Amino acid sequence: MRLYLGESVSFALEIKSDLTAQWPQVETAAEAVLPLRRRWSGHVRFERGDMELVNASVSGIPFVAIGFTGPKNLETLERRLSETTETQRPDGALVLESGAYRCFGTGTRATGAAGLFAFCVDAARFATNVLTAHPDFSNYFPPDVPAAAP
């Protein structure tokens, strides 16, 4: 068993051999991950090459489903995502076979080699934002727990 603080998680991936056949498993995993929140006391955000200091904030953990096979084109993948209830819908999905990729959080949509590249760009962006985050550890302990003795 491993414990990861939410603030240290760049994004969560659900890997499936066939996104179409295993979509119910993706929905179950999304339902578990999407309510999780990162509570930052502050961090640096990089957006399109610009650096911005961000005050304390709360954000979700991006969740992306990846399948080796699945919907054959971007329109079918987008339809599957839009038909999934919001509480069970991943933030994005990638089908490696076709390169179809759609991410709602970034607005990215692409196919083929461009889809694979777009996923890599989004993954790098997600990771960069977490590298500079400062977790608010007070969220992990109840207020009545005494501080450790020196």
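Everything that follows concerns the structure shown earlier in this document.
Here we summarise the structure given alongside this text.

Reading the values: rules and limits
Residues numbered from 1 in each chain as written. Predicted model: local features only at pLDDT ≥ 70, side-chain atom pairs only at ≥ 80, totals over all residues. Heavy atoms only, no water. Helix = DSSP H or I, 4+ residues; strand = E, 2+ residues; numbered from the N terminus. Buried < 20%, exposed > 50% of the residue type's maximum accessible area, 1.4 Å probe, protein only. Contact = heavy atoms within 4.5 Å. Areas by Shrake-Rupley, 256 points an atom, 1.4 Å probe, with all protein chains shown as cover. Core = buried A, V, L, I, M, F, W, Y, C linked by side-chain atoms within 4.5 Å. Pairing = 2+ DSSP bridges. Axes fitted to C-alpha atoms, helices over the stretch in contact; angles between N-to-C directions.

### With respect to the overall build of the protein chain
Here is step 1 of the chain: A count of helical and extended segments in the protein chain gives 3 helices and 9 strands.
Here is step 2 of the chain: Helices and strands in the protein chain line up, N terminus first, as β-α-β-β-β-β-α-β-β-β-α-β.
Here is step 3 of the chain: In the protein chain, which comprises 150 residues, the proportion classed as buried is 37%.
Here is step 4 of the chain: Within the protein chain, contacts between residues at least 6 apart in sequence are counted, and of these 63% link residues at least 24 apart.
Here is step 5 of the chain: Entry remark: accessible area of the protein chain is about 9000 Å², with carbon and sulfur atoms responsible for 58%.

### Things to note about the nonpolar core
Here is step 1 of the chain: Ranked by size, the top nonpolar core spans 16 residues in total, and within it Leu19, Val26, Phe63 and Leu77 carry the most contacts.
Here is step 2 of the chain: Going through the elements one at a time, α1 (23–33), β5 (63–69), α2 (74–83) and β6 (92–95) are the ones with two or more residues in this core.
Here is step 3 of the chain: Sort the elements by how many residues they give to this core and α1 lands first, with 5 residues.
Here is step 4 of the chain: Not counting the four nearest positions on each side in its chain, phenylalanine 63 is found in contact with Ala12, Glu14, Val26, Ala29, Ala30, Val33, Leu34, Pro90, Asp91 and Gly92.
Here is step 5 of the chain: Ile66, Leu94, Ala118 and Phe119 belong to the second-largest nonpolar core, a separate cluster that totals 10 residues.

### Some details on the sheet that holds strand β8 (residues 108–110)
Here is step 1 of the chain: The 5 strands lie next to each other as β1-β5-β6-β7-β8, forming an open sheet whose pairing is mixed. Of all the strands in the sheet, just β1 (12–18) and β8 have a single pairing partner and so form its edges. Taken pair by pair, the neighbouring strands of this sheet meet at an average axis angle of 15 degrees, ignoring direction.
Here is step 2 of the chain: Looking at chain direction, β6 and strand β7 (residues 100–103) are connected through 4 bridges and run antiparallel. When the bridges of β7 are listed, leucine 94 appears paired with tyrosine 101.
Here is step 3 of the chain: On the sheet, α1 packs against β1 and β5 and is oriented at approximately 175 degrees with respect to β1.

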